[in-house]
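# Results of the structural survey
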Amino acid sequence: MILKRNKAWVLQKGLVPIDAVCDMVAMGKDLQDILRRFSILNNNDIFECIEFYAQNTIVPDHDPESL
């Protein structure tokens, strides 16, 4: 379960910040690296973070030809 605490979104289990997990994903860390860093979490928690982040992040519009 994800909660808002002190202006940050966290997993209820261990109050791990969603951003911290998703930053590791963005840095190319694999699932095992993330689980080692946040040993209180399990696979489902990691995927819940990623899904929440994906559903609540706005991607700016870009001109397709400039990509």
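Residues numbered from 1 in each chain as written. Predicted model: local features only at pLDDT ≥ 70, side-chain atom pairs only at ≥ 80, totals over all residues. Heavy atoms only, no water.

### Describing the overall build of the protein
Across its full length, the protein carries three helices and three strands. Across the protein, helices and strands are ordered from the amino to the carboxyl terminus as β-β-β-α-α-α. Against the globule reference of 11 Å for 67 residues, the protein gives a C-alpha radius of gyration of 14 Å, more extended than a compact globule. Here the C-alpha coordinates of the protein stretch approximately 45 × 25 × 15 Å along the principal axes. Out of the 67 residues in the protein, the part that is buried amounts to 24%. Taking the contacts inside the protein whose residues are at least 6 apart along the sequence as the reference set, 41% of them involve residues at least 24 apart. A distance of 14 Å separates the average location of the 7 positive side-chain charges in the protein from that of its 10 negative side-chain charges. (Helix = DSSP H or I, 4+ residues; strand = E, 2+ residues; numbered from the N terminus. Rg over C-alpha atoms; globule rule 2.2 N^0.38 Å. Buried < 20%, exposed > 50% of the residue type's maximum accessible area, 1.4 Å probe, protein only. Contact = heavy atoms within 4.5 Å. Lys, Arg positive; Asp, Glu negative; His and termini not counted. Charge placed at Lys NZ, Arg CZ, Asp CG, Glu CD.)

### So, the pattern of salt bridges
Applying the stated criterion across every chain yields a total of two salt bridges. With a shortest N-O distance of 2.9 Å, Asp45 and Lys13 are connected by a salt bridge. Pair noted here: Asp45 is in helix H3 (residues 43–55) and Lys13 is in the loop between strand E2 (8–11) and strand E3 (16–17), with a separation of 32 residues, a long-range link. Since its relative accessible area comes to 9%, Asp45 is described here as buried. By relative accessible area, which is 33% here, Lys13 ends up partly exposed. Of the charged contacts in the structure, one is a salt bridge between Arg36 and Asp33, with a shortest N-O distance of 2.5 Å. Within this pair, Arg36 and its partner Asp33 are both found in helix H2 (residues 31–37), separated by three residues, close to a single helical turn. A relative accessible area of 26% means that Asp33 is categorised as partly exposed. (Salt bridge = Lys/Arg side-chain N within 4 Å of Asp/Glu carboxyl O.)

### A few points about the environment of Gly14
Checked against the element boundaries, Gly14 lands in the loop between E2 and E3. Given the relative accessible area of 46%, Gly14 is considered partly exposed. Spatially, the C-alpha atom of Gly14 lies 6.6 Å from that of Ile40, the residues being 26 residues apart in sequence.

### So, the pairing of E2
Regular strands place side chains that alternate from one sheet face to the opposite one. Pairing of strand E1 (residues 2–5) with E2 involves four bridges; the strand directions are antiparallel. If you follow Ile2 over to E2, its bridge partner there is Leu11. Once E1 ends, the chain turns through two residues before running back antiparallel as E2, passing Asn6 with a positive phi of about 50 degrees. Here two bridges tie E2 to E3, and the two strands are oriented antiparallel to one another. Residue pairing across strands places Leu11 opposite Val16, the latter belonging to E3. Connecting E2 to the antiparallel partner E3 that follows it, the hairpin turn spans four residues, and Gly14 within it adopts a positive phi of roughly 80 degrees. (Pairing = 2+ DSSP bridges.)

That is the geometry; function is a separate question.
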